[in-house]
Structures are given as structure tokens and as C-alpha cells.
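Chains, contacts and geometry: an overview
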Amino acid sequence: MVVKCKINGVTYKLKVLMNKKAKLEGLKSYSILQENEGVIFIYKTDTASSFDFSEIRFNCRIYFLDSQFDLIHKESTKPYQTKLITCHKPFRYVIEIGA
């Protein structure tokens, strides 16, 4: 399933990742993201976890949102970044797009 989401005035097509396997895979299988393309992780309840970008081949932006879709944290990543990305507040949604 794909949903459309506007971020900073740009509409993105986001592939919805809901099951555990899809969330673990994330962007690892992508060699590049097309313009205005990304993924959204949807959690049934507020959660806290770290995101690993060590196998991601391109620059990304990651947005953490609460249950009301309010932005609570964002970061940019580099290709093959080894530093884990962590949001220090519970989140319900995570969006990853190319940077």
C-alpha cells in the first residue's frame, strides 16, 4: 500500500511498512529512492526504538511523528552511517525519504 504525504510543501509517495519483516527490511533493498518517494513505518501503539542505516546506500531524512502526526524529532543520515538514529520520545510513525 502507498499513501501520499506532504512534507515541507512537497508531496511524497510513501510505501506503508506495517509488519515486522517489512520494518526490519526498511530501505535496505533500495539502491536509490526516486524523487518524492519514501517509506512510512506505522506502529499500533507508541513505541521507542533505534534505526540502523549502516546498510542504506544513500542520504536520508528521517522524521518521527506522534499519534497526532506532530513532528517530534528529525535527523539526516549519510550512506552506510553506523551511528544509530534514536528518538528520545515515544513515536507512532516514522517517515524515511531521500535527502
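Read on for a plain summary of the structure. (Residues numbered from 1 in each chain as written. Predicted model: local features only at pLDDT ≥ 70, side-chain atom pairs only at ≥ 80, totals over all residues. Heavy atoms only, no water.)

1. Side note on the side chain of Gln81
- Its location among the elements puts Gln81 in the loop between β6 (71-77) and β7 (85-86).
- Overall, the relative accessible area of 13% leaves Gln81 in the buried class.
- In this structure the side chain of Gln81 is engaged in a polar contact, spanning 3.1 Å, whose partner is the backbone nitrogen of Lys78.
- Apart from residues lying up to four places away in sequence, Gln81 is in contact with Asp52, Phe53, Ser54 and Ser76. (Helix = DSSP H or I, 4+ residues; strand = E, 2+ residues; numbered from the N terminus. Buried < 20%, exposed > 50% of the residue type's maximum accessible area, 1.4 Å probe, protein only. Polar contact = N/O pair within 3.5 Å; in protein donor to acceptor, adjacent residues only side chain to side chain. Contact = heavy atoms within 4.5 Å.)

2. Quick notes on the pairing of strand β3 (residues 37-47)
- The pairing of strand β2 (residues 10-17) with β3 spans 5 bridges and is classified as parallel. Each bridged residue has a counterpart across the sheet, and for Val16 the counterpart in β3 is Ile40.
- In this sheet, strand β8 (residues 91-98) lies alongside β3 in antiparallel orientation, the contact comprising 6 bridges. By the bridge assignment for β8, Gly38 is matched with Ile97. (Pairing = 2+ DSSP bridges.)

3. With respect to the side chain of Glu96
- Summarising the element assignment, Glu96 is placed in strand β8.
- Residue classification places Glu96 among the buried residues on the basis of a relative accessible area of 3%.

4. Looking at the sheet that holds strand β5 (residues 60-65)
- Across the sheet, which stays open at both edges, the 6 strands sit in the order β1-β2-β3-β8-β5-β6 with mixed pairing between neighbours. Since the sheet does not close on itself, it has two edges, and those belong to β1 (2-7) and β6, each with one partner. Strand-to-strand twist of the sheet, defined as the mean angle between neighbouring strand axes without regard to direction, takes the value 30°.
- Strand direction decides the pairing type here: β1 and β2, joined by 6 bridges, are antiparallel. Along β2, the bridge assignment pairs Val2 with Lys15. (Axes fitted to C-alpha atoms, helices over the stretch in contact; angles between N-to-C directions.)

Honestly, it's all geometry; don't read function into it.
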